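Coordinate analysis (summary)
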Amino acid sequence: QVQLVESGGGLVQAGDSLRLSCAVSGRTFSSYVMGWFRQAPGKEREFVAAINWNSVRAIRGDSVKGRFTISRDNAKNTVDLQMNSLKPEDTAVYYCAADTNSGRYYETPRIHSYDYDYWGQGTQVTVSS
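Residues numbered from 1 in each chain as written. Predicted model: local features only at pLDDT ≥ 70, side-chain atom pairs only at ≥ 80, totals over all residues. Heavy atoms only, no water.

1. Comments concerning the pairing of strand S11 (residues 123-128)
Quick reminder of the rule: With a 1.4 Å probe rolled over the protein chains alone, any residue whose accessible area is under 20% of its type maximum counts as buried; one over 50% counts as exposed, and the rest are partly exposed. Helix and strand definitions here come from DSSP, where helices need a minimum of 4 consecutive H or I residues and strands a minimum of 2 consecutive E residues; each element is numbered from the N-terminal end. Being paired, for any two strands, means DSSP has found at least two bridges between them.
Only one face of S11 is buried: it carries Thr 123, Val 125 and Val 127, and the other face, with Gln 124, Thr 126 and Ser 128, is open. Alignment of strand S2 (residues 10-13) against S11, held across four bridges, turns out to be parallel. Paired with Gln 13 across the strands is Ser 128, a residue of S11. Bridging between strand S9 (residues 92-99) and S11 involves three bridges; their strand directions are antiparallel. Among the inter-strand pairings, Tyr 94 is bridged to a residue of S11, identified as Thr 123.

2. Points about the state of the cysteines
The line we're drawing: Defined by distance alone, a disulfide is two cysteine sulfur atoms within 2.5 Å.
Enumeration according to the criterion identifies one disulfide in this entry. The residue that forms a disulfide with Cys 22 is Cys 96, at a sulfur-sulfur distance of 2.1 Å. Between Cys 22 and Cys 96, the S-S dihedral sits near -85°, and the bridge is therefore left-handed. Here Cys 22 is found in strand S3 (residues 18-25), whereas its partner Cys 96 is found in strand S9, with 74 residues between them in sequence. Judged by relative accessible area, which is 0%, Cys 22 ranks as buried. For Cys 96, a relative accessible area of 0% gives the class buried.

3. Description of the pattern of salt bridges
Operational definition: A side-chain nitrogen of Lys or Arg and a carboxyl oxygen of Asp or Glu constitute a salt bridge if their distance falls within 4 Å.
A complete count under the given rule lists four salt bridges for this structure. The partner of Glu 46 in a salt bridge is Arg 38, and the shortest N-O contact between them spans 2.9 Å. Take Glu 46: its relative accessible area is 30%, and that puts it in the partly exposed class. Its salt-bridge partner being Arg 38, residue Asp 90 comes within 2.9 Å of it at the nearest N-O pair. With Asp 90 in the loop between strand S8 (78-83) and S9 and Arg 38 in strand S4 (residues 33-39), this pair connects stretches of sequence that are 52 residues apart. Each of the salt bridges in this network shares a partner with another, and the network as a whole consists of Arg 38, Glu 46, Arg 67 and Asp 90.

Set out below in structure tokens:
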């Protein structure tokens with residue numbers, strides 16, 4: 001069983017920064033693809049960023065390129081999302097997700113929510129104007 005717990009969300013003003021963290025309980029975390037997704041009220045779940053097992057490949061959604069950075073620490077079983085220059089449109093519940101199936105087959109992480117089989121409960125990020 002894989003469990004994920006997000007932390008670091010909160011209420012900030014536009015232009016501020018936040019760092020989200022995700023702690024993962026899994027015996028083979030180092031082989032997981034890890035991703036961040038977000039969902040705003042009335043919107044579909046949106047891909048934010050993902051990183052492959054050894055941090056060689058990290059990708060970001062178009063809406064956050066240049067502002068958000070994903071990273072992981074396999075020794076600590078954590079994955080972080082550094083969010084800079086936050087905008088009101090970044091307001092959403094942010095979810096950490098694990099893809100335990102891709103393993104080390106791909107250098108480029110998956111970007112679709114259906115590729116991920118374990119999810120955290122989410123952490124709220126609210127950005128005010």
